[in-house]
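Summary of structural features
The lines below spell out each chain.
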Amino acid sequence: MSAQVIEEESVVQYYRGFPFQEGIYTSFQEFIENKPKIQSNFERRGDQLFVYEDSSERFIRVNPNRVWGYSQAGNVYISQEETYWRLINIGALSHFTAIAITTIQTVDNFGFPMTQQSKSLQQLFLDFETGKVKALKYQYLKPYIERDPLLDKRFHRLKKKDRELILALKAYNELHPIYFPTP
């Protein structure tokens, strides 16, 4: 049996309800290999994640900045903006929403420095090939759509509305399936 045939048999195309290995991914690579490094007892409390530590016999909070994300109950969550967000549409371009925090340094009327933060809900997507997260905006999605003549023709007059961008992203995912190692 050739190496190519063995390789093809060891991966399966992603489908809705795919049985992701439950655990915490410390890197994007662990996610695409469906092999979370931390598979011990863990739980989510509100917007925080905790791992059970045997030596101290207690749950320890997981710093979201030190992990890529986690999988639990058939869902995948990505760490972004100091918390975790569920991937809504998983594919070559995986869609999710997150609250983005913008920090602005200003000076008040008396010359003292001030820090202001604003929060906004943003539509984002994860590029399965590179692991990079981008805003779901026309200028970032357009290069992906242009790679495929069928999609480019269908969405050549793509308006900049979120609904149309999400439809284009879903269409891209249908034409560009992703694969995971068999569970």
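Described in the following lines is the structure provided in the data block.

A separate point is the sheet that holds strand 3 (residues 42-45). Reading across the sheet, the 3 strands line up as 3-4-5 and stay open at both edges, with antiparallel pairing between neighbours. Pairing within the sheet leaves two strands with one partner each, and these edge strands are strand 3 and strand 5 (58-62). Strand-to-strand, the axes of this sheet are offset by a mean angle of 35°, without reference to chain direction. Relative to strand 4 (residues 48-53), strand 3 runs antiparallel, the two being bridged by 4 bridges. Opposite F42, over in strand 4, you have V51 as the bridge partner.

Here the focus is unusual backbone geometry. One can expect most non-glycine residues to show negative phi and most peptide bonds to be in trans. Within the chain, A73 stands out as a residue other than glycine whose phi angle is a positive 55°. Position of A73 among the secondary structure elements: in the loop between strand 6 (69-72) and strand 7 (75-80). Phi at E82 is positive, roughly 70°, even though this residue is not glycine. Tracing the chain through its elements places E82 in the loop between strand 7 and strand 8 (83-86).

Examined against the element boundaries, T83 turns out to sit in strand 8. Residues within four places of T83 in sequence aside, it is in contact with R44, D47, P64 and I78.

Once that is clear, we can look at helix 3 (residues 138-146). For helix 3, every residue scored as buried is listed here: L141, Y144 and I145. Buried positions in helix 3, seen along its axis, are confined to an arc of 100° and lie on one side of it.

Here we come to the sheet that holds strand 8. Overall, antiparallel pairing links the 4 strands, which are arranged 2-6-7-8 in an open sheet. In this open sheet, the two strands that pair with only one neighbour each are strand 2 (23-25) and strand 8. Averaged over all pairs of adjacent strands, the angle between their axes in this sheet comes to 30°, without regard to strand direction. The pairing of strand 6 with strand 7 spans 4 bridges and is antiparallel. Bridge assignment links S71 to a residue of strand 7, and that residue is V76.

Moving on to a nonpolar patch on the surface. Together, I99, I101 and L121 make up an exposed nonpolar region whose accessible area comes to about 250 Å². With respect to the helices, strands and loops of the structure, L121 is situated in strand 10 (residues 113-127).

Once that is clear, we can look at the nonpolar core. By size, the foremost hydrophobic cluster in this structure holds 35 residues, and its most contacted members are F20, F31, W68 and V76. Put simply, the parts of the chain that give this core at least two residues each are helix 2 (28-32), strand 7, strand 9 (93-107), strand 10, helix 3 and helix 5 (162-175). No other element matches the 6 residues that helix 5 contributes to this core. Apart from residues no more than four positions distant in its own chain, F20 is found in contact with Y14, Y25, F31, N34, S71, G74, V76, I90 and F180. I24, V62, Y70 and Y77 belong to the second largest nonpolar core, which has 9 residues in total.

About the thresholds
Residues numbered from 1 in each chain as written. Predicted model: local features only at pLDDT ≥ 70, side-chain atom pairs only at ≥ 80, totals over all residues. Heavy atoms only, no water. Pairing = 2+ DSSP bridges. Helix = DSSP H or I, 4+ residues; strand = E, 2+ residues; numbered from the N terminus. Axes fitted to C-alpha atoms, helices over the stretch in contact; angles between N-to-C directions. Contact = heavy atoms within 4.5 Å. Buried < 20%, exposed > 50% of the residue type's maximum accessible area, 1.4 Å probe, protein only. Arc of directions from axis to C-beta. Patch = residues over 30% accessible without salt bridge, like charges linked within 9 Å, V, L, I, M, F, W, Y side chains within 5 Å. Areas by Shrake-Rupley, 256 points an atom, 1.4 Å probe, with all protein chains shown as cover. Salt bridge = Lys/Arg side-chain N within 4 Å of Asp/Glu carboxyl O. Core = buried A, V, L, I, M, F, W, Y, C linked by side-chain atoms within 4.5 Å.

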